[in-house]
Amino acid sequence: MKQAWKTFATRAVPRYTSYPTAADFTPAVTECDARAWARSVAPGERVSVYIHVPFCEKLCFYCGCATSVPNGYARIANYVAPLHREIDLWAEALAPNHGGIDHLHFGGGSPNALSPDDFKALADHACQAFGMSKDAEIAVEVDPRSMSPEFVDAMAAAGVSRVSFGVQTLAPKVQEAVGRIQPRELLVDGIRRLRAAGIQAVNMDLMYGLPHQTVADVVDAAEFAAEMNASRVSLFGYAHVPWFAKHQSAIDEAALPGLEERFAQAEAGADALVRNGLYAIGLDHFARMDDALTAAARNGTLRRNFQGYTDDPCQTLIGIGATSISQFREGYVQNFKDRRVWQESIENGNLPAERGVVVNDDDRLRARAIEKLMCQLWVDVDAVCREMGASPDALADALETARFLQSAGLCQITGHVITVPAEARLFLRTVAQCFDGRYKPVEARHAKAV
Ligand code: SF4
């Protein structure tokens, strides 16, 4: 890594899966706002729906997700009943003439912690309550270790077309160090079962920067993903924030790779994926040449939302389940994190909104610039100002900050176009931060750039 980049590499920066980011959410946004925003969805507008399942059989030490171990099915069953009710509440709150679901995504946690019957019933209910468009996609994040044949059948019967597998690493010593034992054969067998059931699109999540992990381990996992014909691959750096995600303290800090090694792992993993035929997208995604995400990246319609990079064009996302975030043109709303409060709110007939943020015109302008940069590695500042009806100098502050990053080689500025060179791609969030008019450095909250 270039010497000048090292200071930036250890700086904490948001992932910019939204702007404003969750750091700006406050209780000033209420159920009333959520209802008004849901009601104002335009006639015919399609929406996306996300359903959060916050349970896993066992916690992986590196995990930063909102999840827990249920210790028996009773807690999961108690969670499923309010989920059904919440689906109805949102479906009733939305403008009646919206265009139906474009994308339905189950995430977590591990959605396959649900029983096959409960999963199928939830998927069917969401499709029926919101109205499913003919070409809609249903995607599910799955823990391959606990994916039963019955769950695969339930996904196929529900019309699931894409599954995301948490692979992370194949190296036994690393799997042991992160408390996630997952032999290669188990993954191969799981992928075969999915494809035999008609679910062809399998995404894989990989990680670098894990304890004891080496460059060779990352390359091996990348080659495995290509060999298994993964449709999409994400390659994330492990963010060690034990003061924020308590169970990460089970990870031996002394075994974590240093900065240079992390950078080398990220580079080698990306090279291996591209060498094996995947197309590099944005900060940390890769997709097969025939995948819709590659098409979106090439034709300029790629988007970024809470699920990361997406070809989902919807402006409105309804988040269902404790901690889920909904997105509207007017702002963001996050559901109660405390499951009891979330459930009580639903039982009282209220949308379970705990906090959020109202989005103003300046936010929308900055959000568009950040999204463009995060998706295509370049942004034409003048074009964004024109597109959003802002004055030509509305983002002058961002250009000024970017000039400082240009001197460190993190970006190039030609006229009013900011470009992040491919070799500095890991610093994309650092450059995007130039547009962040609300940024407050909160080390505990955000992952480091590399
Ligand atoms: S299975 Fe996934 S969500 Fe669950 S603890 Fe492991 S990484 Fe986190």
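Residues numbered from 1 in each chain as written. Predicted model: local features only at pLDDT ≥ 70, side-chain atom pairs only at ≥ 80, totals over all residues. Heavy atoms only, no water.

Draft legend 1. Examining the packing of aromatic side chains more closely. Scanning the model with the defined rule gives 11 aromatic pairs in all. Aromatic pair tryptophan 37 and phenylalanine 328: ring centres 6.2 Å apart, planes at 55°, arrangement tilted. Residue tryptophan 37 is located in helix H2 (residues 31-39), and its partner phenylalanine 328 is located in strand S12 (residues 325-328); the two are separated by 291 residues in the primary sequence. A relative accessible area of 8% means that tryptophan 37 is categorised as buried. (Phe/Tyr/Trp six-rings, centres within 6.5 Å; stacked < 30°, edge-to-face > 60°. Helix = DSSP H or I, 4+ residues; strand = E, 2+ residues; numbered from the N terminus. Buried < 20%, exposed > 50% of the residue type's maximum accessible area, 1.4 Å probe, protein only.)

Draft legend 2. The side chain of glutamine 265, seen in detail. Inspection of the secondary structure puts glutamine 265 in helix H9 (residues 259-275). Of the polar contacts made by the side chain of glutamine 265, one reaches the backbone oxygen of glutamine 213; its length is 2.9 Å. Apart from the residues lying within four places of it in its own chain, the contact partners of glutamine 265 are Tyr208, Gly209, Gln213, Thr214, Val215, Val218 and Pro257. (Polar contact = N/O pair within 3.5 Å; in protein donor to acceptor, adjacent residues only side chain to side chain. Contact = heavy atoms within 4.5 Å.)

Draft legend 3. Broad picture of the pattern of salt bridges. Counting across every chain of the model gives 27 salt bridges. In this structure, the salt-bridge partner of aspartate 102 is arginine 46, at a minimum N-O distance of 2.3 Å. Taken as a pair, aspartate 102 in strand S2 (residues 101-108) and arginine 46 in the loop between H2 and strand S1 (47-53) lie far apart in primary sequence, 56 residues in all. Take arginine 46: its relative accessible area is 28%, and that puts it in the partly exposed class. As a salt-bridge pair, arginine 366 and aspartate 362 come within 3.0 Å of each other at their nearest N and O atoms. Here the residue arginine 366 and the residue aspartate 362 both occupy positions in helix H12 (residues 361-376), the gap between them amounting to 4 residues, near one helical turn. Given the relative accessible area of 6%, arginine 366 is considered buried. Assessed through its relative accessible area of 36%, aspartate 362 is described here as partly exposed. (Salt bridge = Lys/Arg side-chain N within 4 Å of Asp/Glu carboxyl O.)

Draft legend 4. Broad picture of the domain arrangement of the protein chain. Partitioning the protein chain into domains gives domain 1 (1-20 + 361-450) and domain 2 (24-320). Placing a centre on the C-alpha atoms of domain 1 and another on those of domain 2 gives a separation of 26 Å. Buried surface at the junction of domain 1 and domain 2, both sides included, amounts to about 2,400 Å², of which 55% is carbon and sulfur. Counting every contact that joins domain 1 to domain 2 gives 4 salt bridges. We note a salt bridge from glutamate 371 to arginine 303, for which the minimum N-O separation is 2.9 Å. Connecting domain 1 to domain 2 are 9 residue pairs in polar contact (both at pLDDT 80 or more). Listing elements by their share of the side of domain 1 that touches domain 2, those giving two or more residues are helix H1 (6-9), H12 and helix H15 (428-432). (Domains from an automatic or database assignment. Buried area = accessible area lost by both parts, 1.4 Å probe.)

Draft legend 5. Expanded view of the layout of surface pockets. The computed volume of the second largest pocket comes to approximately 560 Å³. Taken together, 27 residues make up the lining of the second largest pocket; nearest its centre are Arg303, Gln315, Gln327, Ala367 and Glu371. Secondary structure elements with two or more residues in the lining of the second largest pocket: strand S9 (303-305), strand S11 (316-320), S12 and H12. Looking at the lining of the second largest pocket element by element, the count peaks at 6 residues for H12. Counted by class, the lining of the second largest pocket contains 11 nonpolar, 8 polar and 8 charged residues. Counting residues domain by domain, the lining of the second largest pocket receives three or more from each of domain 1 (1-20 + 361-450) and domain 2 (24-320). (1 Å grid on protein atoms, 1.4 Å probe; cavity = no way out; pocket = protein on both sides within 12 Å on 5 of 7 lines; lining within 4 Å. Points joined across faces, edges and corners; volume = space filled by probe spheres on them. Nonpolar A, V, L, I, M, F, W, Y, C, P; charged D, E, K, R; others polar.)

Draft legend 6. Inspection of the pairing of S2 at higher detail. With 8 of 8 residues buried, S2 is to be regarded as a mostly interior element. Relative to S2, S1 runs parallel, the two being bridged by 7 bridges. Within the sheet, the bridge partner assigned to valine 49 lies in S2 and is leucine 104. On the question of chirality, the crossover connecting S1 to the parallel S2 by way of helix H3 (residues 74-93) is right-handed. As judged from the 5 bridges shared by S2 and strand S3 (residues 132-142), these two strands associate in the parallel manner. Within S3, the residue paired with histidine 105 across the bridge is alanine 139. (Pairing = 2+ DSSP bridges. Right-handed = clockwise from strand over helix to strand, strands pointing away.)

Draft legend 7. Structural detail: H2. Turning to H2, its buried residues number three or more, namely Glu31, Ala34, Trp37 and Ala38. All buried residues of H2 project into a common sector of 130° when viewed along the axis, lining one side. (Arc of directions from axis to C-beta.)

Draft legend 8. Quick peek at the nonpolar core. Formed by 128 residues in total, the largest nonpolar core has its most connected members in Phe119, Phe130, Met155, Phe165, Ile418, Phe427 and Phe435. Of the residues forming this core, the biggest block, 9 residues, is contributed by H3. Both domains that furnish three or more residues to this core are identified here as domain 1 (1-20 + 361-450) and domain 2 (24-320). Formed by 10 residues, the second largest nonpolar core is a distinct cluster that contains Tyr62, Met207, Leu210 and Tyr238. (Core = buried A, V, L, I, M, F, W, Y, C linked by side-chain atoms within 4.5 Å.)

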